[in-house]
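Residue-level structure breakdown
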Amino acid sequence: MDGKSKMQAEKHLTGTLVLSVFTAVLGFFQYGYSLGVINAPQKVIEAHYGRVLGAIPVVRHATNTSRDNATITVTIPGTEAWGSSEGTLPPSAGFEDPAVSPHILTMYWSLSVSMFAVGGMVSSFTVGWIGDRLGRVKAMLVVNVLSIAGNLLMGLAKLGPSHILIIAGRAITGLYCGLSSGLVPMYVSEVSPTALRGALGTLHQLAIVTGILISQVLGLDFLLGNDELWPLLLGLSGVAALLQFFLLLLCPESPRYLYIKLGKVEEAKKSLKRLRGNCDPMKEIAEMEKEKQEAASEKRVSIGQLFSSSKYRQAVIVALMVQISQQFSGINAIFYYSTNIFERAGVGQPVYATIGVGVVNTVFTVISVFLVEKAGRRSLFLAGLMGMLISAVAMTVGLALLSQFAWMSYVSMIAIFLFVIFFEVGPGPIPWFIVAELFSQGPRPAAIAVAGFCNWACNFIVGMCFQYIADLCGPYVFVVFAVLLLVFLLFAYLKVPETKGKSFEEIAAAFRRKKLPAKSMTELEDLRGGEEA
């Protein structure tokens, strides 16, 4: 960012803008909390499921101790210990229902993880409709009801069939997060000045990783991750939903929505003055007017038209691929199953190592806030994918050779931390806001809905299938992600444009000028030239 842009950014950074962006990204904080909270207390919750379902050994507190002191070792896929830290149970242990297969338990646990993404998939298609129907702020207010309801179900899980209540609660919370993950980038991109749009856009990812970190810390067994308090741990993000609800009452509506969708010129000016301070709003109003005329000429774009029109095709492909890159990079495998991965790497206290990942995650997301406007979206995205590819290969080597060389555990751990660092450099934050930058007002709601569905669908596939793939592939599980990362890297190099410092109309016009046939790999050089700024 040059000196002039920096001065403009500082001039536009008002208290109202900070409040509005902070309030909006609380939705992403809840998304991150929901991603991370299911990880640390996995064994405690699985043990409770087992007691409810009768699928695991239950210690009988009999007074007759005449039997010898031999112990019975019990192994259930995905866990090392049910009754003690050594994975053993006293001989007085028995089974409530030995006919219930441990694989049923694995299935319920996988559903508990992945139903969150199912909810997100279902609701993501309604983002454009509810955002246009109610407005950005009112829509975020209304959907908070889903978050509160879902968290209540999980918080009360011990009062009923816990596995059903948790799966239902995770699904409803996913409905909220699916809507929020579309509404929040839409709102933030529309209230942000061009000079700050990238930096404020990365706050989505910062909120996610902060939520993950807090859930991991609270999930320690001496805090909330124990047999008594885990329902409170699962339902605690409802507090963030309540906070967001009341803070949204203080936030102005998106001036772009007011001007372009509703035609309320004076209200749009008032909103801009609240967001920008004493700055003259007419320059942004003129840009909105140009965008409004363009939107009026192309009318409202449906999801079907988004795919059928050649005008949007290349932008849609890029939007979908950056979402697929984010989810199929393997990062959710780290978030969901990091404790188990650290155990395989031979770490004595894997939960603390997982928290370490969360700390690194947060620190480098903060760094990316400053990098994204300096280095550009495309450069960071490519650098992140390349680093993740190398880290995935190193992680595979470390896990594969662990049985032969004990020091390979350090290679695996370092690779995990580097994997997370490179993710936060580019593939983590950039997909959340680049989709909003690729499309003008007309197709933007449909594009965000499609991209959101794609992101959630990939999230579900990883959450549902990773445990089974890990059991099948063993230490070579990250080879799958390494191959995918190579594909994503090649695609990003060939097709993803630079959007830094460009208005929505400039980006949309660049896609319209050329249809991107196979004749050239550098047909968006006019956009990529923005990297020099």
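Our subject is the structure listed above.
Described in the following lines is the structure provided in the data block. Model, not experiment: these values are computed from the prediction.

**A short note on the packing of helix H2 (residues 15–37) against helix H7 (residues 162–191)**
In the contact formed by H2 and H7, the axes pass within 9 Å of each other and the chain directions differ by 150°. When the interaxial angle is binned, H2 and H7 end up roughly antiparallel. H7 is crossed by H2, and the crossing has left-handed handedness. In this structure, H2 contributes Leu 17, Ser 20, Val 21, Ala 24, Val 25, Gly 27, Phe 28, Gln 30, Tyr 31, Ser 34 and Val 37 to the contact, and H7 contributes Arg 170, Thr 173, Tyr 176, Cys 177, Ser 180, Ser 181, Val 184, Pro 185, Tyr 187, Val 188 and Val 191. Among the residues making up the contact of H2 with H7, the classes are represented as 14 nonpolar, 7 polar and 1 charged.

**Examining the pattern of salt bridges**
A complete count under the given rule lists 7 salt bridges for this structure. A salt bridge links Arg 51 to Asp 227, with the shortest nitrogen-to-oxygen separation between them at 2.8 Å. Residue Arg 51 is found in helix H3 (residues 42–53), and its partner Asp 227 is found in the loop between helix H9 (203–218) and helix H10 (230–235); the two are separated by 176 residues along the sequence. Judged by relative accessible area, which is 33%, Arg 51 ranks as partly exposed. Asp 227 gets classed as partly exposed once you look at its relative accessible area, which sits at 33%. In this structure, Arg 276 and Glu 284 form a salt bridge, with 2.6 Å as the shortest nitrogen-oxygen distance. We classify Glu 284 as buried; its relative accessible area is 18%. Beyond isolated ion pairs, a larger network of salt bridges with shared partners links Asp 132, Arg 136, Glu 190 and Lys 261.

**Remarks on helix H13 (residues 265–276)**
The end-to-end C-alpha distance of H13, which contains 12 residues, comes to 16 Å, matching closely the 16 Å that a straight helix rising 1.5 Å per residue would cover. Every buried residue of H13 is listed here: Ala 268, Ser 271, Leu 272, Leu 275 and Arg 276. The buried residues of H13 occupy an angular sector of 115° when projected down its axis, which confines them to one face. Facing away from the buried surface of H13 by more than 90 degrees, the exposed residues are Glu 266 and Lys 270. Just downstream of H13, Gly 277 is the residue with a positive phi angle, here 80°.

**What about the packing of aromatic side chains?**
Within the structure shown, the criterion is met by 10 aromatic pairs. A ring pair is formed by Phe 419 and Phe 478, whose centres lie 6.1 Å apart and whose planes are at 75°; its orientation type is edge-to-face. Taken together, the positions of Phe 419 in helix H20 (residues 408–425) and Phe 478 in helix H23 (residues 477–495) put the pair 59 residues apart, joining distant regions of the chain. Both residues of the pair, Phe 419 and Phe 478, belong to the buried class. Classification of Phe 478 by relative accessible area gives buried; the value is 1%. Members of the aromatic cluster, connected to one another through ring pairs, are Phe 28, Tyr 31, Phe 116 and Trp 456.

**Re the environment of Ala 24**
Here Ala 24 is to be found in helix H2. Sequence separation between Ala 24 and Val 184 is 160 residues, and the spatial gap between their C-alpha atoms is 5.6 Å. Setting aside residues up to four positions removed in sequence, Ala 24 forms contacts with Met 140, Val 184, Tyr 187, Val 188 and Gln 244.

**Concerning helix H22 (residues 444–473)**
For H22, with 30 residues, the first-to-last C-alpha span of 40 Å sits near the 44 Å given by 1.5 Å per residue. Bending of H22 peaks at approximately 45° at the position of Cys 465. Most of H22 is tucked away: 21 of the 30 residues are buried. The first or second residue beyond H22 is Gly 474, which carries a positive phi of 60°.

**What about the side chain of Asn 455?**
Within the secondary structure layout, Asn 455 lies in helix H22. Apart from the residues within four sequence positions on either side, Asn 455 is in contact with Tyr 31, Gln 323, Gln 326, Gln 327 and Trp 432.

Procedures and definitions
Residues numbered from 1 in each chain as written. Predicted model: local features only at pLDDT ≥ 70, side-chain atom pairs only at ≥ 80, totals over all residues. Heavy atoms only, no water. Axes fitted to C-alpha atoms, helices over the stretch in contact; angles between N-to-C directions. Helix = DSSP H or I, 4+ residues; strand = E, 2+ residues; numbered from the N terminus. Parallel < 35°, antiparallel > 145°, perpendicular 65-115°, else oblique. Left-handed = near helix turned anticlockwise from the far one by under 90°. Contact = heavy atoms within 4.5 Å. Nonpolar A, V, L, I, M, F, W, Y, C, P; charged D, E, K, R; others polar. Salt bridge = Lys/Arg side-chain N within 4 Å of Asp/Glu carboxyl O. Buried < 20%, exposed > 50% of the residue type's maximum accessible area, 1.4 Å probe, protein only. Expected span 1.5 Å × (residues − 1). Arc of directions from axis to C-beta. Phe/Tyr/Trp six-rings, centres within 6.5 Å; stacked < 30°, edge-to-face > 60°. Bend = angle between axes of the 7 residues up to and from the residue.

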